[in-house]
Amino acid sequence: MTDERSKEEQSIEMELGEAAAMKLPRSTSLERGDGLLVRLRPFYEGLIHFSLFICASISVLVTVGIVIVLLYESVQFFFDVSIIEFLTGTRWTPLLKPQHFGILPLMCGTMLVAGGAAIVAVPIGLGTAIYLSEYASPRFRDIVKPMLEILAGIPSVVYGYLAIVFVSPIIQYLFPSAGVFNAASACIVVGIMILPMIISLSEDILQSVPLSLRGAAFALGANKFEVTVRVVVPAALSGIIASFLLAISRAIGETMAVTLAAGATPKLTLNPLESIQTMTAYIVQVSQGDTPTGTVEYRTIFAVGLTLFISTMAMNIIAQYILSRVGEAYE
Amino acid sequence: MNQSNIDLYTTKPRGRVPNFLFMAFCFLATMTCVLMLLVLIWNIIVQGKGWLSWDFLERLPSRFPHKAGIKTALYGSIWLIGLTALFSVPLGVGAAVYLEEYAPKNRWRKLIQLNISNLAGVPSIVYGILGLGLFVRALAFDRSILSGALTLTLVVLPIIILASQEALRSVPDSIRRSAYALGATRWQTVWYQVLPASLPGIMTGVILALSRALGEAAPLIVVGAMAYVPFVPEKLSDEFTSLPIQIFNWTARPQEDFHHLAAAGILVLLVLLVSMNAIAVFVRHKYGKRIRW
């Protein structure tokens, strides 16, 4: 009897339980735990919102930090060295006696490398971009583009190594007057470094020129060369120039390759076979030694860094501005 | 647009020669790029392969090229990458989520956005100077691995933010609206729907950013990576060196033997970079295709 009844009760209980489980699977948890969560939700959401906001603000703080750190030490530097001497002096020997603080030799070295790199990279880069965008079959493009990505992913210290071990001996062979460290090898490897950037940016821009423009030119009887050179490239010109600017700005800021390849002799020269020094290479040179904090020598890297930051930032902003307007022309 | 068809109607003969020459020039330019890559890699392999061995990975740095190895540099690089990932991924993805999912489309957001694109173009050595002023001096972390990792974090942060934003933007709005329609809060929508869907893109961006950090030497030299560190870093405040810095040191020496060592070190670095890129490609391929909208 008891057995049977209990069985019955059990089965009823089971049924009830199942029904309950089916109808309200998480009734209890909904009443207790989630209730609290629901009440806390606005707070919880607000907290997340706030922390994400902080994450985004950090990028602004980084910029502010860069400016403050650079300015703070540079201002102290300019108490010791007149800003006019810094900007117009033609000798840069802060680590030797007598000290001279004219940044022109460093600027000149930087511009020599950046200019030389542009001479190497611009024709090859633009030619490659045009070939990939206008002439190449999709299959060819699928093979070449990943290779260019590899080129872009090689660290800059590797390019420095190649400049010394591979490029510089070739230059010395061709021009026996060249030293082991020369601006030309730096120009070549930095040129190779900025190639992928020019190619991928320019190719994107060329691709974005609407097909209708090409079609219209073809319909007027132009051939492929005329369409490319007279229609597609001019239509994409502002974007292409922006890509050059970004690449040159990258070449100005490039450090390891030029430190290794170009040497450490700040010189006011445009001869690419001589050893020179760039702004970035100077910063590395001082960082490697143990210049005591708070001295004028130590502060030079902040003053040079500020000059570097301003010049690359200006180029980047101009390029960004041009790029932001690309495409508007067709709308 | 059929090339041969169009050429039939091109009657001006002067057009033909530049047409061919121009195409030949462009093709040559492309081939130059490819050839340069092959020559560069071939040169490194030839110079370095005789010096590469398991021993090379296990030995400490030394003044004698035949006894020198990259143990400290390798461990230093692994430490740096690990810490940089730890700092930069939450920060970067968080910033991207804020900008894409939370921020009202106003001038403040535009300003942050412009600022991030500009930060991506700041030379890495300037970040080194910031790291020197901020972490090494002001916060007194000294020339430690922590300072190095924090500096690298700043270098890669813009890259991670931009890549993550791209990934978040690729999630269609209908997903968000359906989540809201079911009563999900903004964070629930982001956490359970948007983030999982954009994860492959974010992962790819993160891996590419970290491979950039792995190859970066300039900011670390400014922050104070040591030329000669005879021990493996064990805590955050230890001195450090890394693979690119070791390569830089060896390359800067005049002796030929050290150049071979540098090439061997470069091979190790390139193997690491290629495997990271392979992971990125794998992630994009495997998980990128599973999502269909």
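Residues numbered from 1 in each chain as written. Chains lettered and ligands numbered in written order. Predicted model: local features only at pLDDT ≥ 70, side-chain atom pairs only at ≥ 80, totals over all residues. Heavy atoms only, no water.

Is there a simple way to explain the interface of chain B and chain A in this structure?
You'll often see interface size given as the accessible area lost when the parts meet. Facing 81 residues of chain B, the contacting portion of chain A comprises 82 residues. Interface area, chain B with chain A, both sides summed: about 7000 Å², of which 78% is carbon and sulfur. Per-residue buried area on chain B facing chain A is highest for Leu40(B), Ile129(B) and Phe248(B); these three make up 9% of the total on that side. The tally of links from chain B across to chain A stands at 0 salt bridges. Top contributing element to the side of chain B that touches chain A by residue count: helix α2 (residues 16-48) of chain B, with 22 residues. For the side of chain B that touches chain A, a count of residues per class yields 55 nonpolar, 20 polar and 6 charged. (Contact = heavy atoms within 4.5 Å. Buried area = accessible area lost by both parts, 1.4 Å probe. Salt bridge = Lys/Arg side-chain N within 4 Å of Asp/Glu carboxyl O. Helix = DSSP H or I, 4+ residues; strand = E, 2+ residues; numbered from the N terminus. Nonpolar A, V, L, I, M, F, W, Y, C, P; charged D, E, K, R; others polar.)

Just to check I follow, could you spell out the packing of helix α9 (residues 211-219) of chain A against helix α10 (residues 224-235) of chain A for this structure?
When two helices pack together, their arrangement is given by the angle between the helix axes and the distance between those axes. All names here are of chain A. Where α9 meets α10, the axes come as close as 10 Å, and the angle between the chain directions of the two elements is 140°. Relative to α10, the crossing made by α9 is right-handed. Touching Leu213, Arg214, Ala217 and Phe218 of α9 are Lys224, Val227, Val231, Val232 and Ala235, all from α10. Across the contact of α9 with α10, the residue classes tally to 7 nonpolar, no polar and 2 charged. (Axes fitted to C-alpha atoms, helices over the stretch in contact; angles between N-to-C directions. Left-handed = near helix turned anticlockwise from the far one by under 90°.)

Quick question: what am I supposed to make of the UniProt feature "domain: ABC transmembrane type-1" (unreviewed entry) in chain A here?
When the UniProt feature table is mapped onto this chain, "domain: ABC transmembrane type-1" (unreviewed entry) is found at residues 107-319 of chain A. End C-alpha atoms of residues 107-319 of chain A are separated by 21 Å, and the span's content is 79% helix alongside 0% strand. (UniProt positions renumbered as here; feature names shortened; annotations may be inferred.)

What's the story with unusual backbone geometry in this structure? I'm lost.
A negative phi holds for most residues other than glycine; trans holds for most peptide bonds. Residues and elements named next belong to chain B. The phi dihedral of Ala140 is positive, around 55°, even though this residue is not glycine. Mapped onto the fold, Ala140 is located in the loop between α6 (124-138) and α7 (145-169). Positive phi, close to 65°, is recorded for Asp142, a residue that is not glycine. For Asp142, the location among the structural elements is in the loop between α6 and α7.

Could you clarify how one ought to interpret the packing of helix α11 (residues 237-253) of chain A against helix α14 (residues 296-325) of chain A in this entry?
Residues and elements named next belong to chain A. Taken N-terminus to C-terminus, the directions of α11 and α14 make an angle of 160°; their axes are 8 Å apart at the nearest point. Comparing the axis directions of α11 and α14 gives the class roughly antiparallel. Crossing geometry of α11 relative to α14 is assigned as left-handed. Contact residues: Ser238, Gly239, Ala242, Leu245, Leu246, Ile248, Ser249, Ile252 and Gly253 in α11; Leu308, Thr312, Met315, Asn316, Ile318, Ala319, Ile322 and Leu323 in α14. For the contact of α11 with α14, the class distribution of residues is 11 nonpolar, 6 polar and no charged. (Parallel < 35°, antiparallel > 145°, perpendicular 65-115°, else oblique.)

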